[in-house]
Amino acid sequence: MADITAAMVKELRERSGAGMMDCKKALAENNGDIEASIDWLRAKGLASAGKKAGRTAAEGLVGVAVSGNKGVVVEVNSETDFVAKNEQFQGFVRDVTQLALSGNGDVDALKGATMPSGKSVEEALTENIATIGENQNLRRAKMLSVDNGAVVAYVHNAAAPGMGKIGVLVALEGDAPAEKLESLGKQIAMHIAAANPLALTGEAIDPAVIEREAAIAREKNADKIAGKPADIAEKILKGPVDKFRKESALLTQAVVFDGKTPVQDYVSAEAKAAGGSATIVDFVRFQLGEGIEKQQSDFAAEVAAASGVKQG
């Protein structure tokens, strides 16, 4: 059996939202495996699906820019939030985001692009690291475009115009008036920032995620399906998975402003009322630091004292 350390309890607690002792028990039951422990907690009703996506954030900025029928979102990381407020760093993010409009979302190509200063993006980044005194990284970029419609950008927790903690792009195809497409795009982008959909449609959600949900549903409903014929058990388990698909896909999520109308139905109705049509064809949401592990202050000692596990 794996040794359960305070750091492990801390990580599981942050990612699952479950109580400290529940986290300790989950780790013990799953031989210290964090991912398996999250599933175990969810199956026991002690953690939510949304919490699984919670990850320790790195610092820096997400930049967005739109030109004509295309838009880009770029993430540049730094070690501390202090640097994210630095004018030199913000200027770098702004320039790189504008340069990304001429590319296709390829980060390696973007690093070789020429800045207004005449230096390449990579050279300017190296200079930033030397002068600011912190490690920095151009991590990722994404472009969206449409043939007939609009790409709309939104920044949540803005630190400066066009850059902040969360950057969203929404691509709308349709012939609704330009101002209507812009306002609809902004509304849906704000919804995406808040609701964090996993994909445009339920069918587009990663099969591995769906398999994981099915396994959790099977454990949660073990009593209901015990002794049932396979076809009946399958129908019982299909409900929770279908619900997960619906609530996790942008087009079928209920818009956050009324909590009941599916996003695409809302967009279609609003566009029709304005004398045209609109369909969401794509979106992208970058949240600063998602998926990056970052050293934080030592909270492990406090956890150790409260939960009775040793520090790793």
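The structure we're discussing is the one just above.
All of these numbers come straight from a predicted model, not from anything done at the bench.

Reading guide: rules and limits
Residues numbered from 1 in each chain as written. Predicted model: local features only at pLDDT ≥ 70, side-chain atom pairs only at ≥ 80, totals over all residues. Heavy atoms only, no water. Helix = DSSP H or I, 4+ residues; strand = E, 2+ residues; numbered from the N terminus. Contact = heavy atoms within 4.5 Å. Areas by Shrake-Rupley, 256 points an atom, 1.4 Å probe, with all protein chains shown as cover. Polar contact = N/O pair within 3.5 Å; in protein donor to acceptor, adjacent residues only side chain to side chain. Expected span 1.5 Å × (residues − 1). Buried < 20%, exposed > 50% of the residue type's maximum accessible area, 1.4 Å probe, protein only. Arc of directions from axis to C-beta.

Caption draft 1: Representation of the overall build of the protein chain in the model. For the protein chain, the count of helices and strands is 14 helices and 6 strands. Taking contacts inside the protein chain between residues at least 6 apart in sequence as the whole, the part at least 24 apart equals 66%. Put simply, the protein chain shows about 15600 Å² of open surface, and 49% of that area lies on carbon and sulfur atoms.

Caption draft 2: Spatial organisation of the side chain of Ser16. Positionally, Ser16 belongs in helix α1 (residues 6-16). Here the side chain of Ser16 touches Leu12 through a polar contact of 2.7 Å, landing on its backbone oxygen. Of the polar contacts made by the side chain of Ser16, one reaches the backbone nitrogen of Ala18; its length is 3.1 Å.

Caption draft 3: Spatial organisation of helix α9 (residues 178-195). Compared with an ideal rise of 1.5 Å per residue, which puts 18 residues at 26 Å, α9 spans 25 Å between its outermost C-alpha atoms and is within 8% of the ideal. Of the positions making up α9, those classed as buried are Lys180, Leu181, Leu184, Gly185, Ile188, Ala189, His191, Ile192 and Ala193. Where α9 is buried, its residues meet β4 (149-160), β5 (163-173), α13 (263-273) and β6 (279-287). Immediately downstream of α9, the backbone of Asn196 shows phi near 50°, a positive value.

Caption draft 4: The arrangement of helix α10 (residues 207-220) in detail. Between its first and last C-alpha atoms α10 spans 20 Å; for 14 residues at 1.5 Å apiece the expected length is 20 Å, and the two agree. Within α10 the residues assigned to the buried category are Ile210, Glu213, Ile216 and Ala217. For α10, the angular spread of buried residues about the axis comes to 120°, placing them on one side. Opposite the buried face of α10, by more than 90 degrees, sit the exposed residues Pro207 and Glu211. Regarding α10, its N-cap is Asp206, as a side-chain oxygen of that residue lies 2.9 Å from the backbone nitrogen of Ala208 further along.

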